[in-house]
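Report on the structure
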Amino acid sequence: MTTSINNSPLRHLLTLNDLTRKELEGIVAHAIELKSARKQGKEQARLNGKVLGMIFEKSSTRTRVSFEAGMAQLGGHALFLSPSDTQLGRGEPIEDSARVISRMVDVIMIRTFEQEKLEAFARYSQVPVINALTDDFHPCQLLADIQTFVEHRGELSGKTVAWVGDGNNMCQSYINAAALLDFKLNIACPKGYEPDAELVAANKARVTITHSPAEAVTGAHLVVTDTWASMGQEEEKQQREQAFSGFQVNHALLANAADDVLFMHCLPAYRELEVSADLLEDPRYSVVWDEAENRLHAQKALILFLLGY
Ligand code: CP
Ligand code: NVA
């Protein structure tokens, strides 16, 4: 059984940088144990009486289902809070909402637009706050991605990862992961769609930017992509489809990668845009369904960590 790896009273996960490498590896190892315990029917209801508040200002399938199911499986409860039926949507300040909600629940996850809004909420919260996706980062998805790589291929450290597509929230979380776990990250994106320049500069020892997908994928052990138009960018969809033509991840592109390359996508996927349907459904490379399932296990391990279990 994994012993407690959290000595601090109040911890948040606003970006992956809130974790040390040891903590991140501990959460992933615990997620793998929880997955196995669940499959053997040996799961323990360790969160009896605990409540997770879930604030969603953007749509979700995986994040909502995994957090909600995960809390139920651990004996706790999850509350779905949408702006359309809370006072958040009618302009109650985030600082007031944070103080009120955090007096009533044990842990809170937020999916919103600005990273600053999440940070403001965390400053006023009495309980751990989890970033369930902002415009800038998606750390929970990285926990699941790392778990999936470890399960299929072992440690990610020392490997080469290629990110092909938009320099978005997922890409930026991969940059944080590259720094924490010490892997090489080749990012291929069209001109004008690069990740944040400061973030790239701060991690230039591990991160390279190119505008050639084939160059980025050369020798890669993991190739990752995501939608070309994230939530909030719906009106740019057409313009982005033009800008990203030539950036589809497909079998031809993967021919440049390592023989045992894996393909990941956080989903939802847009077939024949950022990924070919063939590749997405090819179990020799694509581990997207394991990756989606691992959101459940990784977030259970994360909540247990943040609550000091
Ligand atoms: N990957 C992911 O976060 O999916 P949802 O938007 O469905 O939660
Ligand atoms: N980059 C995507 C991820 C969706 C899970 C978005 O922000 O919409």
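Look a little higher up for the structure.
Conventions used here
Each chain has its residues counted from 1, running along the sequence as written. Labels follow written order: the first chain is A, the first ligand is 1, and so on. Thresholds applied to this predicted model are a pLDDT of at least 70 for local features of residues and 80 or more for the giving and counting of side-chain atom pairs; totals over whole chains, interfaces and linings are not thresholded and use all residues. Computation of side-chain values covers all heavy atoms of the structure but excludes hydrogens and water. Residues belong to one nonpolar core when they are buried, are Ala, Val, Leu, Ile, Met, Phe, Trp, Tyr or Cys, and are joined through side-chain atoms within 4.5 Å. Note on classification: 1.4 Å probe, protein chains only; a residue is buried when its accessible area is under 20% of the maximum for its type, exposed when over 50%, partly exposed between these limits. We call two residues in contact whenever any of their non-hydrogen atoms come within 4.5 Å of each other. Salt bridge, as applied in this entry: a Lys or Arg side-chain nitrogen positioned within 4 Å of an Asp or Glu carboxyl oxygen. In this text, helices come from DSSP runs of H or I with a minimum length of four residues, and strands from runs of E with a minimum of two, each type numbered from the N-terminal end. Throughout, a disulfide means two cysteine sulfur atoms within 2.5 Å of one another. The aromatic pairing rule takes the rings of Phe, Tyr and Trp, using the six-membered ring of Trp, and pairs them if the centres are within 6.5 Å, calling planes under 30 degrees apart stacked, those over 60 edge-to-face and the rest tilted. Put simply, a charge is over a ring when the Lys NZ or the Arg CZ is close to the ring centre, within 6 Å, and near the line of the ring normal, within 35 degrees. By definition, two strands form a pair when at least two bridges between them are found by DSSP. Structural elements are reduced to axes, namely lines fitted to C-alpha atoms, with helices fitted over the stretch in contact, and the angle between N-to-C directions of any two is expressed from 0 to 180 degrees. Proximity is defined per residue: if any heavy atom of the residue lies within 4 Å of a molecule or strand, that residue is considered near it. For the purposes of these results, a polar contact is taken to be a pair of N or O atoms within 3.5 Å, where, inside protein, one atom must be able to donate a hydrogen and its partner to accept one; residues adjacent in sequence count only when each atom of the pair is a side-chain atom. The Shrake-Rupley method, run with a 1.4 Å probe, gives the accessible areas here. Residue values count only the displayed protein chains as cover. Put simply, the grid is 1 Å and covers the protein atoms alone, a cavity is a trapped set of points that fit a 1.4 Å probe, a pocket is an open set with protein on both sides within 12 Å along at least five of seven lines, and lining residues have an atom within 4 Å of a point. Throughout, a molecule is located in a cavity or pocket provided that more than half of its atoms lie within 2 Å of its grid points. Three categories are distinguished: nonpolar for Ala, Val, Leu, Ile, Met, Phe, Trp, Tyr, Cys and Pro, charged for Asp, Glu, Lys and Arg, and polar for the others, with Gly belonging to the last.

Okay, the nonpolar core next. With 57 residues, the main nonpolar core has Tyr 174 and Leu 185 as its most contacted residues. In contact with Tyr 174, other than residues within four places in its own chain, are Leu 142, Asp 145, Val 161, Trp 163, Phe 183, Leu 185, Leu 222, Val 224 and Met 264.

All right, on to the pattern of salt bridges then. Working definition: two side chains of opposite charge can pair if their charged atoms are close together. Taken as a whole and judged by the stated rule, the model has 17 salt bridges. Note that Lys 39 and Glu 293 form a salt bridge whose closest N and O atoms lie 2.8 Å from each other. Note that Lys 39 is positioned in helix 1 (residues 21–39) and Glu 293 in helix 12 (residues 288–306), a separation of 254 residues in sequence. In this structure Lys 39 comes out as exposed when scored by relative accessible area, which is 57%. In this structure, the salt-bridge partner of Lys 300 is Glu 43, at a minimum N-O distance of 2.4 Å. Pair noted here: Lys 300 is in helix 12 and Glu 43 is in the loop between helix 1 and strand 1 (51–56), with a separation of 257 residues, a long-range link. Given a relative accessible area of 2%, Lys 300 falls into the buried group. Given a relative accessible area of 22%, Glu 43 falls into the partly exposed group. Each of Arg 38, Glu 43 and Lys 300 takes part in salt bridges that share partners, so that together they form one network.

The final tally for this structure, using the stated rule, is 0 disulfides. Here Cys 140 is not disulfide-linked; the sulfur of Cys 266 is the nearest cysteine sulfur, at 12 Å. Owing to a relative accessible area of 0%, Cys 140 belongs among the buried residues under this scheme. With no disulfide of its own, Cys 189 lies closest to Cys 171 among cysteine sulfurs, the gap being 6.7 Å. The exposure class of Cys 189 is buried, given its relative accessible area of 0%.

Turning next to the environment of Glu 215. Counting through the fold element by element, Glu 215 comes out in helix 8 (residues 213–217). Residues Glu 215 and Asp 18, spaced 197 residues apart in sequence, show a C-alpha to C-alpha distance of 32 Å.

So, on to the packing of aromatic side chains. Enumeration over the complete set of coordinates arrives at 5 aromatic pairs. What links up through ring pairs into an aromatic cluster is the set Tyr 193, Trp 228, Phe 244 and Phe 247. The ring centre of Phe 80 lies 3.7 Å from the NZ or CZ of Arg 64, which sits over that ring.

Looking now at the sheet that holds strand 8 (residues 222–225). Read from one edge to the other, the open sheet built from 5 strands follows the order 7-6-5-8-9, with strand pairing classed as parallel. Taken across any chain shown, the strands that pair with only one partner, and hence form the sheet edges, are strand 7 (207–210) and strand 9 (262–265). Averaged over all adjacent pairs, the angle separating strand axes in this sheet is 20°, with direction ignored. Two strands pair when backbone bridges link them, and strand 6 (residues 184–188) and strand 7 are joined in this way by 4 bridges, in the parallel orientation.

Taken together, the residues surrounding ligand 2 are Leu 133, Asn 168, Asn 169, Asp 226, Thr 227, Ser 230, Met 231, Cys 266 and Leu 267. One of the side-chain N or O atoms of Ser 230 is found 2.7 Å from a nitrogen atom in ligand 2. Protein contacts shield 94% of the accessible area of ligand 2, which totals 270 Å² for the unbound molecule. At a threshold of 2 Å from the grid points, most atoms of ligand 2 map onto the largest pocket. The class makeup of the residues in the shell around ligand 2 is 4 nonpolar, 4 polar and 1 charged.

Burial along strand 8 is two-sided: Leu 222 and Val 224 and Val 223 and Thr 225, pointing in opposite directions, are all buried. Two elements, strand 5 (residues 160–164) and strand 8, share 3 bridges in a ladder whose sense is parallel. Directly across from Ala 162, in strand 8, lies its bridge partner Val 223. Pairing geometry for strand 8 and strand 9, over 4 bridges, is parallel. Residue pairing across strands places Leu 222 opposite Leu 262, the latter belonging to strand 9.

Just geometry here; none of it tells us what the structure is for.
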